[in-house]
Amino acid sequence: MSSTASPRAEARTILVIVAIVQFVIGGWFSWTASHAAPRDLPVLVASAPGAAQSAEQLADRLREAAPGAYAVKTAAGAEEADAALRDRTAYGALLPTAAGGLELRLASAASPTVAQTLTGQAQQLAGGPVLVTDVVPADADDPHGAGLAMGFLPLLITAVIAALLFVLKVRAAGARFLGVIGFAAASGLLSSLMLTHLSGVAPDNYFVNAGIVALLELAMVSVITGLGSLVGPPGIAVGAVLMFVVGNPLSGLASAPEMLPQPLGAIGQFLPAGAGATLLRTSGPFDGAGAAGPVLVLAVWALIGLGLLYASSRRRPTPAAPAATAAAPRPAAAH
């Protein structure tokens, strides 16, 4: 804003800009949340001895009842289905029973929202109550996953704030680099203490959770700080939009990546927020099953961010403009 603008003009400009940003971000966040629905959600249909219908028949019924909602595969039996649930290759499994009903086997720790969706779908197919077996249950202190989702959000917000402060307040490139590393480590240790022991929404291995949070924060803060160090405020804006505005609603933590409009849900898993959310869900209940991909995503983003910081440290500062030639002294006025 021009320094010559009146205070009222400056206030008017600020309120218009912020109102438009609020409109866009609010609409984006609410749109992604309101359009959550199963889209090629991995589900198994298993055969059962003496069942009134075959697994293939049940799979056909499920596809007809919800076209495009489920990626249905068959399993040889309950044991094979349970192994798939523990390996995070499926969210649930349907088994026909001898009495003509259905049994639903779940891994609600993967997503309580998906578990509720599958329960409703199974009841619709069965025309009444179904037997539900939770093979990998959600934590008893956070059965709906709301606590973990709320605890995860501040990790993203503070990453943006930390990066902003590092760029604006820390002038030396080396100090920024150390600040980013130190913040990631401190955030991992303290946030894991909160999530693991105090709030109890991620009550698994403290050091594993600390490592996940530290890697998430390193990936986010280093990228935003690196972009800001290279190109100034526009870089901060681009990094914040990518990491938070885009990454948070596409993380799938509130539901699941397969519940988001595609290909947005899949894209979200290649951003730090989505990879971090998947890792936090995977680390304890599933003993790290399926963790390799998210770890790789976070590591790549962290390397990109650290590379940007290194590049900014090697950039030579713009030379200052030469001082104006001093004016020749005027001869003293004759008296």
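Data block above holds the structure.
Here is a short report on the structure shown in this document. Small disclaimer: the values here were computed from a predicted structure and weren't measured.

**Considering the overall build of the protein**
If you tally the helices and strands in the protein, you get eleven helices and five strands. Relative to the compact-globule value of 20 Å for 335 residues, the protein shows a C-alpha radius of gyration of 27 Å, a clear excess of over 25%. Taken along its principal axes, the extent of the C-alpha atoms in the protein is 125 × 40 × 30 Å. For the protein, the proportion of its 335 residues judged to be buried stands at 43%.

**Concerning the pattern of salt bridges**
All chains considered together, the criterion is met by three salt bridges. A salt bridge links Asp60 to Arg63, with the nearest nitrogen and oxygen atoms 3.3 Å apart. Of this pair, Asp60 and Arg63 both sit in helix H2 (residues 55-65), three residues apart, which is roughly one turn of that helix. Glu103 is the salt-bridge partner of Arg105, the closest N and O atoms lying 2.6 Å from each other. The class of Arg105 is buried, set by a relative accessible area of 13%. Looking at Glu103, the relative accessible area reads 14%, which means it is buried. Put simply, Asp82, Glu103 and Arg105 are held in one network by salt bridges that share partners.

**Looking at the packing of aromatic side chains**
Scanning all chains against the criterion turns up three aromatic pairs. With a centroid separation of 6.4 Å and an interplanar angle of 15°, the aromatic rings of Trp28 and Trp31 are classed as stacked. You can see Trp28 and its partner Trp31 sitting in helix H1 (residues 7-34), three residues apart, about one turn around the helix. A relative accessible area of 23% places Trp28 in the partly exposed class. An angle of 50° between the planes, with centres 6.0 Å apart, marks the rings of Phe29 and Phe244 as tilted. One end of the pair, Phe29, is in helix H1; the other, Phe244, is in helix H8 (residues 233-246), and 215 residues separate them in sequence.

**Brief notes about the environment of Val167**
Here Val167 shows up in helix H5 (residues 146-169). For Val167, a relative accessible area of 7% corresponds to the buried category. A C-alpha to C-alpha distance of 31 Å links Val167 and Ala266, two positions 99 residues apart in sequence. Non-local contacts of Val167, meaning those with residues more than four positions away in its chain, are made with Arg176, Ile224, Thr225, Gly228, Ser229 and Ile236.

**Remarks on H2**
All buried positions along H2 are accounted for by Ala55, Leu58, Ala59 and Leu62. Projected down its long axis, H2 carries its buried residues within an arc of 100°, all on one side. Where H2 is buried, its residues contact strand S1 (41-46), strand S2 (70-75), strand S3 (92-96), strand S4 (102-106) and helix H4 (112-126).

**Considerations on the packing of H5 against helix H6 (residues 173-198)**
At their nearest, the axes of H5 and H6 sit 11 Å apart, and the two run at 160° to each other. With respect to their mutual orientation, H5 and H6 come out roughly antiparallel. Crossing geometry of H5 relative to H6 is assigned as right-handed. Where H5 approaches H6, its residues Gly151, Leu155, Thr158, Ala159, Ala162, Phe166 and Val167 are matched on the opposing element by Arg176, Gly179, Val180, Phe183, Ser191 and Leu195. Residues of the contact of H5 with H6, tallied by class, amount to eight nonpolar, four polar and one charged.

**What to know about the nonpolar core**
Ranked by size, the top nonpolar core spans 43 residues in total, and within it Phe152, Leu156, Leu216 and Trp301 carry the most contacts. Put simply, the parts of the chain that give this core at least two residues each are H5, H6, helix H7 (206-231), H8, helix H10 (272-283) and helix H11 (292-314). Counting residues per element, this core draws most heavily on H5, at ten residues. Not counting residues up to four positions away in its chain, the partners in contact with Phe152 are Leu216, Leu253, Ala273, Gly276, Ala277 and Leu280.

**Observations regarding H10**
For H10, which comprises twelve residues, the first-to-last C-alpha distance of 16 Å matches the rise-based estimate of 16 Å (1.5 Å per residue) to within 8%. Buried residues dominate H10, accounting for twelve of its twelve residues. Buried residues of H10: Pro272, Ala273, Gly274, Ala275, Gly276, Ala277, Thr278, Leu279, Leu280, Arg281, Thr282 and Ser283, and no others. Buried residues in H10 make contact with H4, H5, H7, H8, helix H9 (264-268) and H11.

**Re the environment of Thr158**
The topology assignment puts Thr158 in helix H5. Spatially, the C-alpha atoms of Thr158 and Ala36 are 26 Å apart, while their sequence positions differ by 122 residues. Apart from the residues within four sequence positions on either side, Thr158 is in contact with Phe183 and Glu217. A distance of 2.6 Å separates a polar atom in the side chain of Thr158 from the backbone oxygen of Pro154.

**What to know about the packing of H6 against H7**
Following both chains from N to C, one finds H6 and H7 inclined at 145°, their axes separated by 7 Å at the closest point. Between H6 and H7 the crossing geometry is right-handed.

Rules used throughout
- Along each chain, numbering runs from 1 in the same order as the chain's sequence is written.
- Owing to the predicted nature of the model, reporting of local features is limited to residues with pLDDT of at least 70; listing and counting of side-chain atom pairs is limited to 80 or more, with chain, interface and lining totals taken over all residues.
- To get the side-chain values, all heavy atoms of the structure are used, and hydrogens and water are removed first.
- Numbering of helices and strands runs from the N terminus, with a helix taken as a DSSP run of H or I at least four residues long and a strand as a DSSP run of E at least two residues long.
- Each radius of gyration reported is based on C-alpha atoms, and the globular scaling rule is 2.2 Å times the count of residues to the power 0.38.
- Only protein chains enter the accessibility calculation, which uses a 1.4 Å probe; a residue is then buried when its area is under 20% of its type maximum, exposed when over 50%, and partly exposed in between.
- Should a side-chain nitrogen of Lys or Arg be within 4 Å of a carboxyl oxygen of Asp or Glu, the pair is scored as a salt bridge.
- Geometry of aromatic contacts follows a simple scheme: Phe, Tyr and Trp rings, the Trp one being its six-membered ring, pair when their centres are within 6.5 Å, and the pair is stacked under 30 degrees between planes, edge-to-face over 60, tilted otherwise.
- Here, residues are in contact when the closest pair of their heavy atoms is within 4.5 Å.
- Within this analysis, the arc is defined by the directions that extend from the helix axis to the C-beta atoms.
- Whenever a helix is involved, its axis is fitted only over the stretch in contact; in every case the axis is a line through C-alpha atoms, and angles between N-to-C directions fall within 0 to 180 degrees.
- Reported orientations rely on four angle classes, namely roughly parallel under 35 degrees, roughly antiparallel over 145, roughly perpendicular from 65 to 115, and oblique for the rest.
- In a left-handed crossing the near helix is turned counterclockwise from the far helix by less than a right angle, and in a right-handed crossing that turn is clockwise.
- Each residue is assigned to one of three groups, with Ala, Val, Leu, Ile, Met, Phe, Trp, Tyr, Cys and Pro labelled nonpolar, Asp, Glu, Lys and Arg labelled charged, and all others, Gly among them, labelled polar.
- To qualify as a nonpolar core, a set must consist of buried Ala, Val, Leu, Ile, Met, Phe, Trp, Tyr and Cys residues joined through side-chain atoms within 4.5 Å.
- Expected helix span is given by 1.5 Å per residue-to-residue step, counting one fewer step than there are residues.
- Polar contact is defined as a pair of N or O atoms within 3.5 Å, subject to the rule that within protein one atom must be able to donate a hydrogen and the other to accept it, and that residues adjacent in sequence are counted only when both atoms are side-chain atoms.

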